[in-house]
Amino acid sequence: MEIRVKCRCGEEECSEWAIVELQGVVETQASFQGSIQNLEIGRLCHSDSSQGTYTFTVGYHELVGSKVTLKKPLLVLKKLQFDEVSGKATELEVVGIIRTKILFKTRPKPLISGTN
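Residues numbered from 1 in each chain as written. Predicted model: local features only at pLDDT ≥ 70, side-chain atom pairs only at ≥ 80, totals over all residues. Heavy atoms only, no water.

For the protein, the name recorded in an unreviewed UniProt entry is Chromosome transmission fidelity protein 8 homolog, with Arabidopsis thaliana as its organism.

Visitor: Would you mind going over the pattern of salt bridges with me for this structure?
Guide: In a structure, side chains of opposite charge can pair up when their charged atoms sit close to one another. If you walk through the whole model with that rule in mind, you get three salt bridges. A salt bridge links glutamate 21 to lysine 101, with the nearest nitrogen and oxygen atoms 2.8 Å apart. Highlighted residues: glutamate 21 in strand β2 (residues 15-22) and lysine 101 in strand β6 (residues 89-104), separated in sequence by 80 residues. With a relative accessible area of 27%, glutamate 21 lands in the partly exposed category. Between lysine 109 and glutamate 62 there is a salt bridge whose closest N-O contact spans 3.5 Å. With lysine 109 in strand β7 (residues 109-110) and glutamate 62 in strand β5 (residues 61-82), the pair connects residues that are 47 residues apart, well separated along the chain. (Salt bridge = Lys/Arg side-chain N within 4 Å of Asp/Glu carboxyl O. Helix = DSSP H or I, 4+ residues; strand = E, 2+ residues; numbered from the N terminus. Buried < 20%, exposed > 50% of the residue type's maximum accessible area, 1.4 Å probe, protein only.)

Visitor: Please clarify how the nonpolar core should be interpreted in this entry.
Guide: Looking at soluble globular proteins, one finds that nonpolar side chains tend to be buried together. Residues Tyr54, Phe56, Leu63, Ile102 and Phe104 constitute the largest nonpolar core, which totals five residues. Sorting the residues of this core by element identifies β4 (53-58) and β6 as the ones contributing at least two each. Setting aside anything within four residues of it in sequence, one finds leucine 63 in contact with Tyr54, Thr55, Phe56, Phe104, Thr106 and Pro108. (Core = buried A, V, L, I, M, F, W, Y, C linked by side-chain atoms within 4.5 Å. Contact = heavy atoms within 4.5 Å.)

Visitor: Quick question: what am I supposed to make of the packing of aromatic side chains here?
Guide: Aromatic rings considered in pairs are described by the distance between their centres and by the relative angle of their planes. Taken as a whole, this structure holds one aromatic pair when the rule is applied. Seen in terms of ring centroids, phenylalanine 56 and phenylalanine 104 are 5.9 Å apart; in terms of plane orientation they differ by 40°. Their pairing is tilted. With a gap of 48 residues between them, phenylalanine 56 in strand β4 and phenylalanine 104 in strand β6 connect regions that are remote in the sequence. A residue is classified by how much of its surface remains accessible, and phenylalanine 104, at 1% relative accessible area, is buried. (Phe/Tyr/Trp six-rings, centres within 6.5 Å; stacked < 30°, edge-to-face > 60°.)

See the structure below:
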C-alpha cells in the first residue's frame, strides 16, 4: 500500500505547533459526559521577564514550565482518502511542524486568595 505525503505550505511557511506536556492526569467533571471538545481547561501565559518560562493556571492551581526543543521534529498530518472507482488512494497532508514542547514537570502551586 502506497501512502503519499504532501506539503502544500512549503518548508518556510508551515505553521509551527507546540506540545504541552503535563505530569499526571487532567480529569473533567462528571457533568461533561465524555465530551471534552472545545473545553477550556486553563490559561497558558508566557512570561515576558524570562525567556522560555510559561505558567499554566487550572482552577486554583498554577504550574510553571519551560520551553524545550525536541531532538527530532514531528509532523502534524491530516489523512485524505480518495475513492475513485474502488482505487482507494490514501494521502497524508502536512498541516504543521512541531519543533518544541512546553514541559511542566513540577507539582502545581495552590493559588489561595485572601479573604477580607
